[in-house]
Amino acid sequence: MSYRVLFRKSGKSVLAWSFVAVGARMPVAMAPLALVFLVRERPGGYTLGAVLAAVYVIGEIVGAPLLGMRMRAERARPQLAVGLAVGACGFGALGVLHGVHPALLGVCAFVAGAAPAAAPGGLRALLTAVVPERAVQQAMSFESMLTFVVWAVSPAATAGLALSVAPWVPLLLACGLMAVSVPGLWLLPVGWASGSGDERRPAVRVLMRAWPLYVTGAAGLSLLAMAELILPALLEHRGFGVGLAGPLLAGFSVGSAVGAFVYGLRSWPGRLATQSLVLVLGVSGCVVGIALVPWAGVIAVALVGAGVLQAGAMLTRNLALREALPPGALAAGYSVMYAAVGAGYAATGSLAGALLRVMSPGGAMVAGVGVTVVLAVVGYWGERARDEAPSPGAVRRGSSRAVAEPPADTAPRP
(Lines give C-alpha, C1' and ligand atoms only; values in the text may rest on other atoms or scores of the structure.)
Protein backbone atom coordinates (compact mmCIF):
# COMPACT_ATOMS: atom_id res chain seq x y z
CA MET A 1 0.00 0.00 0.00
CA SER A 2 1.40 3.42 -0.93
CA TYR A 3 1.58 6.51 1.27
CA ARG A 4 -1.22 8.12 -0.76
CA VAL A 5 -3.89 6.59 1.44
CA LEU A 6 -2.22 8.10 4.50
CA PHE A 7 -2.45 11.66 3.21
CA ARG A 8 -5.61 11.27 1.15
CA LYS A 9 -7.68 10.16 4.12
CA SER A 10 -5.99 12.06 6.96
CA GLY A 11 -3.73 14.64 5.35
CA LYS A 12 -4.63 17.63 7.56
CA SER A 13 -4.45 15.61 10.76
CA VAL A 14 -1.09 14.09 9.82
CA LEU A 15 0.37 17.53 8.99
CA ALA A 16 -0.89 18.93 12.30
CA TRP A 17 0.61 15.94 14.09
CA SER A 18 3.93 16.53 12.28
CA PHE A 19 4.01 20.13 13.52
CA VAL A 20 3.54 18.99 17.12
CA ALA A 21 5.97 16.09 16.80
CA VAL A 22 8.83 18.22 15.47
CA GLY A 23 8.32 20.76 18.26
CA ALA A 24 8.26 18.02 20.89
CA ARG A 25 11.11 15.84 19.59
CA MET A 26 13.73 18.26 18.30
CA PRO A 27 14.52 19.48 21.85
CA VAL A 28 15.05 15.85 22.88
CA ALA A 29 17.49 15.35 20.01
CA MET A 30 19.30 18.61 20.83
CA ALA A 31 19.55 18.14 24.60
CA PRO A 32 22.67 15.97 25.21
CA LEU A 33 24.96 17.94 22.89
CA ALA A 34 23.44 21.27 24.01
CA LEU A 35 24.20 20.43 27.64
CA VAL A 36 27.83 19.67 26.79
CA PHE A 37 28.21 22.99 24.96
CA LEU A 38 26.46 24.84 27.79
CA VAL A 39 29.20 24.10 30.36
CA ARG A 40 32.24 23.23 28.26
CA GLU A 41 34.03 26.50 29.12
CA ARG A 42 33.77 25.85 32.85
CA PRO A 43 36.56 24.00 34.70
CA GLY A 44 36.12 20.31 33.88
CA GLY A 45 33.42 21.37 31.46
CA TYR A 46 33.29 18.27 29.26
CA THR A 47 33.00 15.98 32.27
CA LEU A 48 30.26 18.15 33.75
CA GLY A 49 28.48 18.22 30.39
CA ALA A 50 28.56 14.42 30.18
CA VAL A 51 27.13 14.20 33.71
CA LEU A 52 24.31 16.64 32.87
CA ALA A 53 23.52 14.71 29.70
CA ALA A 54 23.41 11.48 31.73
CA VAL A 55 21.06 13.11 34.26
CA TYR A 56 18.82 14.21 31.41
CA VAL A 57 18.67 10.66 30.01
CA ILE A 58 17.96 9.27 33.49
CA GLY A 59 15.06 11.71 33.70
CA GLU A 60 13.70 10.29 30.45
CA ILE A 61 14.11 6.70 31.61
CA VAL A 62 12.32 7.43 34.89
CA GLY A 63 9.63 9.71 33.51
CA ALA A 64 8.55 7.70 30.47
CA PRO A 65 7.07 4.65 32.25
CA LEU A 66 5.81 6.52 35.32
CA LEU A 67 3.96 9.21 33.36
CA GLY A 68 3.01 6.93 30.48
CA MET A 69 1.24 4.52 32.82
CA ARG A 70 -0.81 7.37 34.29
CA MET A 71 -1.98 8.66 30.92
CA ARG A 72 -5.69 8.22 30.24
CA ALA A 73 -6.31 7.14 26.67
CA GLU A 74 -9.61 8.96 26.24
CA ARG A 75 -8.29 12.29 27.61
CA ALA A 76 -4.54 12.23 26.94
CA ARG A 77 -4.21 15.71 25.44
CA PRO A 78 -4.24 17.71 28.73
CA GLN A 79 -1.64 15.38 30.24
CA LEU A 80 0.59 15.68 27.18
CA ALA A 81 0.21 19.47 27.28
CA VAL A 82 1.25 19.68 30.93
CA GLY A 83 4.27 17.44 30.38
CA LEU A 84 5.48 19.41 27.36
CA ALA A 85 4.90 22.75 29.13
CA VAL A 86 6.90 21.67 32.18
CA GLY A 87 9.62 20.29 29.91
CA ALA A 88 9.79 23.63 28.09
CA CYS A 89 10.25 25.34 31.46
CA GLY A 90 13.09 22.95 32.26
CA PHE A 91 14.88 23.78 29.00
CA GLY A 92 14.24 27.48 29.51
CA ALA A 93 15.68 27.35 33.03
CA LEU A 94 18.83 25.67 31.71
CA GLY A 95 19.27 28.45 29.18
CA VAL A 96 18.50 31.36 31.49
CA LEU A 97 20.26 30.02 34.60
CA HIS A 98 23.31 28.67 32.78
CA GLY A 99 25.73 30.18 35.31
CA VAL A 100 24.25 28.65 38.47
CA HIS A 101 25.65 25.80 40.58
CA PRO A 102 25.94 22.48 38.70
CA ALA A 103 23.55 20.79 41.15
CA LEU A 104 20.74 23.17 40.15
CA LEU A 105 21.55 22.63 36.48
CA GLY A 106 21.23 18.89 37.16
CA VAL A 107 17.75 19.39 38.64
CA CYS A 108 16.69 21.40 35.58
CA ALA A 109 18.13 18.76 33.25
CA PHE A 110 16.25 15.99 35.07
CA VAL A 111 12.97 17.94 34.83
CA ALA A 112 13.56 18.69 31.13
CA GLY A 113 14.06 14.98 30.49
CA ALA A 114 11.37 13.53 32.76
CA ALA A 115 8.37 15.84 32.29
CA PRO A 116 7.81 15.33 28.54
CA ALA A 117 9.08 11.73 28.48
CA ALA A 118 5.61 10.28 27.91
CA ALA A 119 5.06 12.51 24.86
CA PRO A 120 6.68 10.18 22.27
CA GLY A 121 4.38 7.32 23.24
CA GLY A 122 1.31 9.54 23.49
CA LEU A 123 1.97 11.20 20.15
CA ARG A 124 2.46 7.82 18.45
CA ALA A 125 -0.88 6.65 19.84
CA LEU A 126 -2.53 9.87 18.61
CA LEU A 127 -1.05 9.40 15.14
CA THR A 128 -2.40 5.88 14.78
CA ALA A 129 -5.76 7.16 16.05
CA VAL A 130 -6.20 9.74 13.28
CA VAL A 131 -5.35 7.44 10.33
CA PRO A 132 -7.33 4.54 8.85
CA GLU A 133 -6.49 1.11 10.29
CA ARG A 134 -5.08 -0.06 6.98
CA ALA A 135 -2.64 2.89 6.93
CA VAL A 136 -1.11 2.30 10.38
CA GLN A 137 2.09 0.76 8.95
CA GLN A 138 2.55 3.76 6.64
CA ALA A 139 1.84 6.15 9.52
CA MET A 140 4.53 4.55 11.69
CA SER A 141 6.96 4.57 8.78
CA PHE A 142 6.24 8.28 8.26
CA GLU A 143 6.83 8.89 11.97
CA SER A 144 10.19 7.11 11.76
CA MET A 145 11.26 9.12 8.72
CA LEU A 146 10.37 12.36 10.50
CA THR A 147 12.25 11.26 13.62
CA PHE A 148 15.41 10.38 11.69
CA VAL A 149 15.34 13.71 9.87
CA VAL A 150 15.01 15.53 13.19
CA TRP A 151 17.92 13.58 14.66
CA ALA A 152 20.03 14.28 11.57
CA VAL A 153 19.41 18.04 11.67
CA SER A 154 19.57 18.63 15.43
CA PRO A 155 23.32 18.08 16.11
CA ALA A 156 24.37 20.48 13.36
CA ALA A 157 21.85 23.11 14.50
CA THR A 158 22.94 22.74 18.12
CA ALA A 159 26.66 23.01 17.41
CA GLY A 160 26.18 25.91 14.99
CA LEU A 161 24.12 28.00 17.41
CA ALA A 162 26.33 27.23 20.41
CA LEU A 163 29.55 28.13 18.62
CA SER A 164 28.40 31.06 16.50
CA VAL A 165 25.89 32.76 18.86
CA ALA A 166 26.08 31.63 22.50
CA PRO A 167 26.26 28.29 24.37
CA TRP A 168 22.84 28.77 25.97
CA VAL A 169 20.96 29.63 22.77
CA PRO A 170 20.25 25.99 21.72
CA LEU A 171 18.51 25.39 25.04
CA LEU A 172 16.35 28.48 24.64
CA LEU A 173 15.48 27.31 21.11
CA ALA A 174 14.55 23.91 22.57
CA CYS A 175 12.35 25.71 25.11
CA GLY A 176 10.59 27.66 22.36
CA LEU A 177 10.03 24.61 20.15
CA MET A 178 8.56 22.54 22.97
CA ALA A 179 6.37 25.44 24.11
CA VAL A 180 5.01 25.94 20.58
CA SER A 181 4.06 22.26 20.39
CA VAL A 182 1.63 22.67 23.31
CA PRO A 183 -1.08 24.71 21.55
CA GLY A 184 -0.58 22.51 18.49
CA LEU A 185 -2.03 19.61 20.50
CA TRP A 186 -5.46 21.24 20.16
CA LEU A 187 -5.29 20.52 16.42
CA LEU A 188 -5.39 16.81 17.32
CA PRO A 189 -8.01 14.60 18.99
CA VAL A 190 -8.40 14.75 22.75
CA GLY A 191 -7.34 11.10 22.97
CA TRP A 192 -7.78 7.73 21.36
CA ALA A 193 -10.04 4.73 21.76
CA SER A 194 -9.60 2.96 25.07
CA GLY A 195 -10.72 -0.32 26.41
CA SER A 196 -13.16 -0.59 29.25
CA GLY A 197 -12.59 -0.75 32.97
CA ASP A 198 -9.03 -1.16 34.17
CA GLU A 199 -7.58 -0.92 30.62
CA ARG A 200 -7.90 2.85 30.81
CA ARG A 201 -5.00 3.00 33.23
CA PRO A 202 -3.05 -0.15 32.46
CA ALA A 203 -1.66 -2.26 35.26
CA VAL A 204 1.95 -3.29 35.29
CA ARG A 205 0.95 -6.89 34.59
CA VAL A 206 -0.76 -5.76 31.36
CA LEU A 207 2.34 -3.93 30.16
CA MET A 208 4.62 -6.79 31.13
CA ARG A 209 2.86 -9.08 28.66
CA ALA A 210 5.04 -7.39 26.06
CA TRP A 211 8.36 -7.87 27.90
CA PRO A 212 10.02 -9.66 24.95
CA LEU A 213 9.50 -6.55 22.83
CA TYR A 214 11.17 -4.37 25.45
CA VAL A 215 14.15 -6.74 25.48
CA THR A 216 14.34 -6.66 21.68
CA GLY A 217 14.09 -2.85 21.71
CA ALA A 218 16.98 -2.57 24.14
CA ALA A 219 18.98 -5.00 21.99
CA GLY A 220 18.41 -2.95 18.82
CA LEU A 221 19.57 0.34 20.32
CA SER A 222 22.57 -1.30 21.95
CA LEU A 223 23.90 -1.90 18.44
CA LEU A 224 23.44 1.77 17.62
CA ALA A 225 25.28 2.71 20.81
CA MET A 226 28.18 0.45 19.85
CA ALA A 227 28.39 1.97 16.39
CA GLU A 228 28.12 5.58 17.56
CA LEU A 229 30.24 5.55 20.70
CA ILE A 230 33.10 3.32 19.53
CA LEU A 231 33.28 4.65 15.96
CA PRO A 232 35.56 7.66 16.75
CA ALA A 233 38.00 5.40 18.63
CA LEU A 234 37.87 2.84 15.81
CA LEU A 235 38.66 5.49 13.17
CA GLU A 236 41.57 6.85 15.19
CA HIS A 237 42.87 3.32 15.82
CA ARG A 238 42.97 2.70 12.05
CA GLY A 239 44.63 6.01 11.21
CA PHE A 240 41.57 7.86 9.85
CA GLY A 241 40.58 11.36 10.95
CA VAL A 242 38.12 11.38 13.85
CA GLY A 243 36.16 14.08 12.02
CA LEU A 244 35.08 11.39 9.56
CA ALA A 245 32.68 10.09 12.23
CA GLY A 246 30.21 12.93 11.58
CA PRO A 247 29.63 12.23 7.87
CA LEU A 248 29.59 8.47 8.50
CA LEU A 249 26.87 8.78 11.15
CA ALA A 250 24.96 11.15 8.88
CA GLY A 251 24.99 8.32 6.35
CA PHE A 252 23.49 6.06 9.01
CA SER A 253 20.65 8.58 9.53
CA VAL A 254 20.02 8.85 5.80
CA GLY A 255 19.95 5.06 5.52
CA SER A 256 17.46 4.91 8.41
CA ALA A 257 15.12 7.39 6.73
CA VAL A 258 15.30 5.39 3.49
CA GLY A 259 14.68 2.14 5.38
CA ALA A 260 11.61 3.56 7.11
CA PHE A 261 10.21 4.73 3.76
CA VAL A 262 10.81 1.38 2.07
CA TYR A 263 9.31 -0.62 4.94
CA GLY A 264 6.07 1.37 4.69
CA LEU A 265 5.64 0.72 0.96
CA ARG A 266 4.30 -2.82 1.30
CA SER A 267 3.49 -5.72 3.58
CA TRP A 268 6.44 -8.00 4.29
CA PRO A 269 6.36 -11.80 4.63
CA GLY A 270 6.69 -13.55 7.95
CA ARG A 271 5.60 -12.78 11.49
CA LEU A 272 6.68 -9.49 13.02
CA ALA A 273 8.83 -11.36 15.55
CA THR A 274 10.66 -13.15 12.74
CA GLN A 275 11.09 -9.94 10.76
CA SER A 276 12.51 -8.19 13.83
CA LEU A 277 15.01 -10.97 14.57
CA VAL A 278 16.20 -11.12 10.94
CA LEU A 279 16.63 -7.34 10.79
CA VAL A 280 18.50 -7.16 14.12
CA LEU A 281 20.82 -9.96 12.95
CA GLY A 282 21.33 -8.01 9.72
CA VAL A 283 22.32 -4.91 11.68
CA SER A 284 24.63 -7.09 13.77
CA GLY A 285 26.33 -8.32 10.61
CA CYS A 286 26.85 -4.73 9.43
CA VAL A 287 28.39 -3.74 12.77
CA VAL A 288 30.71 -6.76 12.67
CA GLY A 289 31.77 -5.63 9.19
CA ILE A 290 32.53 -2.17 10.57
CA ALA A 291 34.60 -3.74 13.34
CA LEU A 292 36.65 -6.11 11.17
CA VAL A 293 37.13 -4.50 7.74
CA PRO A 294 39.78 -1.74 7.77
CA TRP A 295 38.55 0.32 4.80
CA ALA A 296 36.66 3.58 5.18
CA GLY A 297 34.47 2.85 2.14
CA VAL A 298 33.30 -0.44 3.63
CA ILE A 299 32.58 1.25 6.96
CA ALA A 300 30.46 3.88 5.16
CA VAL A 301 28.47 1.28 3.22
CA ALA A 302 28.00 -0.86 6.34
CA LEU A 303 26.70 2.09 8.34
CA VAL A 304 24.19 3.01 5.63
CA GLY A 305 23.07 -0.64 5.47
CA ALA A 306 22.80 -0.77 9.26
CA GLY A 307 20.61 2.34 9.16
CA VAL A 308 18.27 0.82 6.56
CA LEU A 309 17.85 -2.40 8.58
CA GLN A 310 17.65 -0.62 11.94
CA ALA A 311 14.66 1.42 10.78
CA GLY A 312 12.80 -1.74 9.81
CA ALA A 313 13.65 -3.40 13.12
CA MET A 314 12.31 -0.42 15.04
CA LEU A 315 9.08 -0.39 13.05
CA THR A 316 8.46 -4.12 13.56
CA ARG A 317 8.80 -3.64 17.31
CA ASN A 318 6.28 -0.78 17.35
CA LEU A 319 3.81 -2.71 15.20
CA ALA A 320 4.20 -5.83 17.34
CA LEU A 321 3.65 -3.79 20.51
CA ARG A 322 0.43 -2.47 19.02
CA GLU A 323 -0.76 -6.04 18.52
CA ALA A 324 0.34 -7.22 21.96
CA LEU A 325 -1.42 -4.62 24.13
CA PRO A 326 -5.04 -3.47 24.50
CA PRO A 327 -5.83 0.01 23.13
CA GLY A 328 -5.88 1.77 26.49
CA ALA A 329 -2.35 0.53 27.25
CA LEU A 330 -0.68 1.56 23.99
CA ALA A 331 0.76 4.92 25.06
CA ALA A 332 2.05 3.40 28.29
CA GLY A 333 3.56 0.50 26.34
CA TYR A 334 5.27 2.86 23.92
CA SER A 335 6.61 4.82 26.91
CA VAL A 336 7.96 1.68 28.58
CA MET A 337 9.60 0.78 25.26
CA TYR A 338 11.11 4.28 25.13
CA ALA A 339 12.55 3.77 28.62
CA ALA A 340 13.83 0.28 27.79
CA VAL A 341 15.54 1.55 24.65
CA GLY A 342 17.11 4.43 26.57
CA ALA A 343 18.30 2.06 29.29
CA GLY A 344 19.76 -0.28 26.66
CA TYR A 345 21.62 2.60 25.03
CA ALA A 346 22.96 3.87 28.36
CA ALA A 347 24.03 0.41 29.55
CA THR A 348 25.76 -0.34 26.27
CA GLY A 349 27.52 3.01 26.41
CA SER A 350 28.92 2.09 29.82
CA LEU A 351 29.89 -1.37 28.52
CA ALA A 352 31.64 0.21 25.54
CA GLY A 353 33.70 2.44 27.83
CA ALA A 354 34.73 -0.54 29.95
CA LEU A 355 35.61 -2.75 26.97
CA LEU A 356 37.79 -0.05 25.39
CA ARG A 357 40.05 -0.22 28.45
CA VAL A 358 40.90 -3.88 27.87
CA MET A 359 40.62 -4.48 24.12
CA SER A 360 40.80 -2.79 20.73
CA PRO A 361 37.81 -0.79 19.40
CA GLY A 362 37.06 -3.52 16.86
CA GLY A 363 37.10 -6.21 19.53
CA ALA A 364 34.82 -4.09 21.74
CA MET A 365 32.33 -3.80 18.89
CA VAL A 366 32.29 -7.55 18.27
CA ALA A 367 31.82 -8.27 21.99
CA GLY A 368 28.92 -5.82 22.09
CA VAL A 369 27.34 -7.49 19.07
CA GLY A 370 27.50 -10.83 20.92
CA VAL A 371 25.53 -9.37 23.84
CA THR A 372 23.00 -7.89 21.43
CA VAL A 373 22.44 -11.18 19.60
CA VAL A 374 21.79 -12.97 22.90
CA LEU A 375 19.19 -10.34 23.89
CA ALA A 376 17.56 -10.49 20.44
CA VAL A 377 17.22 -14.28 20.59
CA VAL A 378 15.78 -14.11 24.11
CA GLY A 379 13.24 -11.55 22.93
CA TYR A 380 12.34 -13.65 19.89
CA TRP A 381 11.67 -16.81 21.90
CA GLY A 382 9.70 -14.77 24.43
CA GLU A 383 7.50 -13.44 21.62
CA ARG A 384 6.98 -16.93 20.20
CA ALA A 385 5.91 -18.22 23.61
CA ARG A 386 3.55 -15.28 24.10
CA ASP A 387 2.01 -15.73 20.66
CA GLU A 388 0.96 -19.26 21.56
CA ALA A 389 -1.49 -17.73 24.06
CA PRO A 390 -4.52 -15.61 22.93
CA SER A 391 -3.41 -12.05 22.22
CA PRO A 392 -5.22 -9.36 24.24
CA GLY A 393 -4.75 -7.00 21.32
CA ALA A 394 -6.46 -9.29 18.82
CA VAL A 395 -9.96 -8.25 19.80
CA ARG A 396 -9.31 -4.63 19.11
CA ARG A 397 -8.14 -4.62 15.48
CA GLY A 398 -10.06 -1.85 13.79
CA SER A 399 -11.03 -0.18 17.09
CA SER A 400 -8.08 2.18 17.43
CA ARG A 401 -9.77 5.32 16.31
CA ALA A 402 -9.67 8.91 17.39
CA VAL A 403 -11.98 9.79 20.24
CA ALA A 404 -14.38 12.51 19.37
CA GLU A 405 -14.51 15.62 21.51
CA PRO A 406 -16.67 14.94 24.55
CA PRO A 407 -20.28 16.10 24.56
CA ALA A 408 -20.96 19.65 25.58
CA ASP A 409 -21.96 18.73 29.13
CA THR A 410 -18.62 16.93 29.72
CA ALA A 411 -16.26 19.11 27.69
CA PRO A 412 -13.31 20.59 29.61
CA ARG A 413 -13.83 24.14 30.76
CA PRO A 414 -11.44 26.82 29.46
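The text that follows walks through the structure, step by step, so that each part is easy to find. (Residues numbered from 1 in each chain as written. Predicted model: local features only at pLDDT ≥ 70, side-chain atom pairs only at ≥ 80, totals over all residues. Heavy atoms only, no water.)

A word on the overall build of the protein
Along the backbone of the protein there are 14 helices and 0 strands. For the protein, the proportion of its 414 residues judged to be buried stands at 52%. Of the contacts made within the protein by residues no fewer than 6 positions apart, 85% connect residues no fewer than 24 positions apart. Surface exposure of the protein reaches about 16800 Å², of which carbon and sulfur atoms provide 72%. (Helix = DSSP H or I, 4+ residues; strand = E, 2+ residues; numbered from the N terminus. Buried < 20%, exposed > 50% of the residue type's maximum accessible area, 1.4 Å probe, protein only. Contact = heavy atoms within 4.5 Å. Areas by Shrake-Rupley, 256 points an atom, 1.4 Å probe, with all protein chains shown as cover.)

Observations regarding a nonpolar patch on the surface
A contiguous nonpolar surface patch, about 600 Å² in accessible area, is contributed by Val254, Val258, Phe261, Val262, Leu265, Trp268, Val304 and Val308. Sorting the residues of the nonpolar patch by element identifies helix H10 (245-263) and helix H12 (296-324) as the ones contributing at least two each. Sorting elements by how many residues they give to the nonpolar patch places H10 first, with 4 residues. Locating Val304 in the fold gives a position in helix H12. (Patch = residues over 30% accessible without salt bridge, like charges linked within 9 Å, V, L, I, M, F, W, Y side chains within 5 Å. Salt bridge = Lys/Arg side-chain N within 4 Å of Asp/Glu carboxyl O.)

Concerning the pattern of salt bridges
Counted under the stated rule, the structure contains 3 salt bridges. Measuring nitrogen to oxygen at the nearest pair gives 3.0 Å for the salt bridge that ties Arg124 to Glu143. Taken together, the positions of Arg124 in helix H5 (residues 119-130) and Glu143 in helix H6 (residues 136-164) put the pair 19 residues apart, joining distant regions of the chain. Accessibility expressed as a relative area gives 13% for Arg124, which makes it buried. For Glu143, a relative accessible area of 2% translates into the label buried. Between Arg322 and Glu133 there is a salt bridge, with the nearest N and O atoms lying 3.1 Å from each other. Residue Arg322 is located in helix H12, and its partner Glu133 is located in the loop between H5 and H6; the two are separated by 189 residues in the primary sequence.

Quick word on helix H4 (residues 102-114)
For H4, which comprises 13 residues, the first-to-last C-alpha distance of 18 Å matches the rise-based estimate of 18 Å (1.5 Å per residue) to within 8%. Among the residues of H4, those classed as buried are Leu105, Gly106, Cys108, Ala109, Ala112, Gly113 and Ala114. (Expected span 1.5 Å × (residues − 1).)

Points about the packing of aromatic side chains
With the rule as written, the count across this model stands at 3 aromatic pairs. Note that Arg124 overlies the ring of Tyr334, its terminal NZ or CZ placed 4.9 Å from the centroid. Sitting over the face of the ring of Trp268, Arg266 holds its NZ or CZ atom 4.5 Å from the ring centroid. (Phe/Tyr/Trp six-rings, centres within 6.5 Å; stacked < 30°, edge-to-face > 60°. Lys NZ or Arg CZ within 6 Å of the ring centre and 35° of its normal.)

Description of the nonpolar core
Of all hydrophobic cores here, the largest spans 114 residues; its most connected members are Trp192 and Tyr214. Of the residues forming this core, the biggest block, 14 residues, is contributed by helix H1 (residues 4-39). (Core = buried A, V, L, I, M, F, W, Y, C linked by side-chain atoms within 4.5 Å.)

Considerations on empty space enclosed by the protein
Over the atoms rolls a probe the size of a water molecule, and its path tells where empty space is left. Inspection of every chain in the model, using the stated rule, returns 3 cavities of 30 Å³ or more. Its boundaries defined by the atoms lining it, the largest cavity holds a volume of some 60 Å³. Every residue lining the largest cavity is counted, 13 residues in all, and those nearest its centre are Ala24, Val28, Pro116, Ala119 and Pro120. Of all the secondary structure elements, the ones that give two or more residues to the lining of the largest cavity are H1, helix H2 (45-70) and H5. A class-by-class count of the residues in the lining of the largest cavity yields 10 nonpolar, 1 polar and 2 charged. (1 Å grid on protein atoms, 1.4 Å probe; cavity = no way out; pocket = protein on both sides within 12 Å on 5 of 7 lines; lining within 4 Å. Points joined across faces, edges and corners; volume = space filled by probe spheres on them. Nonpolar A, V, L, I, M, F, W, Y, C, P; charged D, E, K, R; others polar.)

Observations regarding the side chain of Thr316
Tracing the sequence through the fold places Thr316 in helix H12. Setting aside its immediate chain neighbours within four residues, Thr316 contacts Tyr263, Leu272, Gln275, Ser276 and Leu279.

Description of the environment of Ala347
Positionally, Ala347 belongs in helix H13 (residues 330-355). Residues Ala347 and Ser222 lie 125 residues apart in sequence; the distance between their C-alpha atoms is 7.9 Å.

Things to note about the packing of helix H9 (residues 211-237) against helix H11 (residues 272-292)
Look at H9 against H11: their axes get within 11 Å of each other, and the N-to-C directions meet at 15°. The pairing of H9 with H11 is recorded here as roughly parallel in orientation. Here H9 and H11 pass one another in a crossing that is left-handed. Across from Thr216, Leu223 and Leu234 in H9, the residues of H11 making contact are Ser276, Val280, Val283, Ser284, Val287, Ile290 and Ala291. (Axes fitted to C-alpha atoms, helices over the stretch in contact; angles between N-to-C directions. Parallel < 35°, antiparallel > 145°, perpendicular 65-115°, else oblique. Left-handed = near helix turned anticlockwise from the far one by under 90°.)

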